[in-house]
Amino acid sequence: EGAATLLLLSLTGLAFWPALGLATGSATLVGHAVGAGQPQQVGPLVRASLWLMAGWMALVGAAMALAGPALLAWLSGTSGDGGPGSQAALALATSLIGLVAAYQVLDAVNLGSAFALRGLGDVRWASAANTVGSLLLFLPLAAWLSFDSLGARIPALGWGAWGGWSAVALLSALLAAAFGARLRHVLQALEAVSTARRRA
């Protein structure tokens, strides 16, 4: 379970780290536009960065789905001569590749929206949403889905790595929806203020 998860994390890094760089750059540009008194540039900047991140992560997700088994075998050093443990880890990672590839675009929306909000100065809300989602949703859900039991009287589903990755995908979807809604609200308020200033 652990080896399969580490193999998959190696692949998701190909999508995540470049997207994180784009998100950081877009947050900086958004902050510059707001600081320079040019709020009309913020919307186009945010939309362009979200499209770039979603496009990149969709591309990597598609590559993972298509070439994932071969990439996982290469990463694990398993070419048919590994022991039973390495073969089992590779088989489990290969079975999970579709789920992991599928949520990459949601992760791009989540990441891009969160950093855009930070660039707009909405740091507290973004941090609170991440903290609440991680501690109150992800940890209990991942434990319930992954383990066989959570104590003598609390049954759990026992899905192992499947449960953990399902919890990651669900958290990513919920945060993408929450951050996307918050970002739309903040951008609409910014555009309303900008329009009022132009008319004045």
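Summarised in this report is the structure supplied together with it. Residue indices begin from 1 for each chain and proceed along its sequence in written order. In keeping with the model being predicted, local features are shown solely for residues with a pLDDT of at least 70 and side-chain atom pairs are shown and tallied solely at 80 or more, while totals for entire chains, interfaces and linings include all residues. Processing note: side-chain calculations cover all non-hydrogen atoms of the structure and skip hydrogens and water entirely.

### Observations concerning helix α5 (residues 123-146)
- Each helix corresponds to a stretch of at least 4 residues labelled H or I by DSSP, and each strand to a stretch of at least 2 residues labelled E; elements are numbered beginning at the N terminus. Expected span of a helix: the number of residues minus one, times 1.5 Å. If you check α5, its first and last C-alpha atoms are 32 Å apart, about what 24 residues at 1.5 Å a residue would give, namely 34 Å.
- Remark: the principal bend of α5, roughly 35 degrees, maps to Phe-138, with a proline, Pro-140, within the next four residues.
- Burial classification: accessible surface area is computed with a 1.4 Å probe over protein chains only, and a residue below 20% of its type maximum counts as buried, one above 50% as exposed, and the rest as partly exposed. What α5 keeps buried is the set Ala-126, Ala-129, Gly-133, Leu-141, Ala-142, Ala-143, Leu-145 and Ser-146.
- Buried-residue contacts for α5 involve α4 (104-119) and α6 (161-199). Here the bend at a residue is taken as the angle between two axes, fitted respectively to the seven residues that end there and the seven that start there. For this analysis, residues touch if any pair of their heavy atoms sits within 4.5 Å.

### Some words on the pattern of salt bridges
- The salt bridge definition used is simple: a Lys or Arg side-chain nitrogen within 4 Å of an Asp or Glu carboxyl oxygen. Considering all chains together, one arrives at 1 salt bridge under this definition.
- Between Arg-182 and Asp-122 there is a salt bridge, with its nearest N and O atoms 2.7 Å apart. With Arg-182 in helix α6 and Asp-122 in the loop between α4 and α5, this residue pair connects regions lying 60 residues apart in the sequence.

### A closer look at the nonpolar core
- Joining through side-chain atoms within 4.5 Å is the link that ties buried Ala, Val, Leu, Ile, Met, Phe, Trp, Tyr and Cys residues into a set, and such a set is a nonpolar core. Ranked by internal contacts, the top residues of the largest apolar core, which has 30 residues, are Leu-8, Met-64, Leu-72 and Trp-165.
- Listed by contribution, the elements that provide at least two residues to this core are α1 (2-35), α2 (42-76), α3 (84-102), α4 and α6.
- Per element, the largest residue contribution to this core is 9 residues, and it comes from α1.
- Residue contacts for Met-64: discarding those within four places in its chain leaves Leu-11, Thr-12, Pro-69, Ile-97, Val-100 and Ala-101.

### Quick word on the packing of α1 against α2
- Axis angles are defined between N-to-C directions and span 0 to 180 degrees, where every axis is a line fitted to C-alpha atoms and, for a helix, only to the segment in contact. The contact between α1 and α2 brings their axes to 7 Å, and the two run at 170 degrees. The angle between the axes of α1 and α2 places the two elements in the roughly antiparallel class.
- By residue class, the composition of the contact of α1 with α2 is 26 nonpolar, 5 polar and no charged. Roughly parallel here means an angle under 35 degrees, roughly antiparallel means over 145, roughly perpendicular means 65 to 115, and every remaining angle is called oblique. Think of it as three bins: nonpolar holds Ala, Val, Leu, Ile, Met, Phe, Trp, Tyr, Cys and Pro, charged holds Asp, Glu, Lys and Arg, and polar takes everything else, Gly as well.

### Considerations on the packing of α2 against α6
- Interhelical geometry of α2 versus α6 gives an angle of 155 degrees and a closest axis separation of 10 Å. Relative to α6, α2 is oriented roughly antiparallel. Contacts between α2 and α6 involve Val-42, Gly-43, Val-46, Arg-47 and Leu-50 from the first element and Leu-183, Leu-187, Leu-190 and Glu-191 from the second.
- Tallied by class, the residues present in the contact of α2 with α6 amount to 6 nonpolar, 1 polar and 2 charged.

### Here's the deal with the packing of aromatic side chains
- When two rings of Phe, Tyr or Trp (its six-membered ring) have centres within 6.5 Å they constitute a pair, described as stacked for plane angles under 30 degrees, edge-to-face for angles over 60, and tilted for the intermediate range. Under the counting rule described, the total for this entry stands at 3 aromatic pairs.
- Ring centres of Phe-16 and Trp-17 lie 5.0 Å apart, and the angle between their planes is 80 degrees; on these two criteria the pair is classed as edge-to-face.
- Classification of Phe-16 by relative accessible area gives partly exposed; the value is 26%.
- The exposed category is assigned to Trp-17, whose relative accessible area is 57%.
- Note on Tyr-103 and Trp-165: the rings are 6.5 Å apart at their centroids and 40 degrees apart in plane angle, and the pair reads as tilted. In this pair, Tyr-103 sits in the loop between α3 and α4 while Trp-165 sits in helix α6, placing the two residues 62 residues apart along the sequence.
- By relative accessible area, Tyr-103 is classed as buried at 8%.
- Consider the ring centre and the ring normal. A charge sits over the ring if Lys NZ or Arg CZ is within 6 Å of that centre and within 35 degrees of that normal. Here the guanidinium or amino end of Arg-118 rests over the ring plane of Phe-115, the centre of that ring lying 5.0 Å away.

### Details of the side chain of Asn-110
- Assignment of secondary structure puts Asn-110 in helix α4.
- Asn-110 sits in the buried class, given a relative accessible area of 11%.
- Beyond its immediate sequence surroundings of up to four residues, Asn-110 is in contact with Ser-172, Leu-175, Ala-176 and Phe-179.

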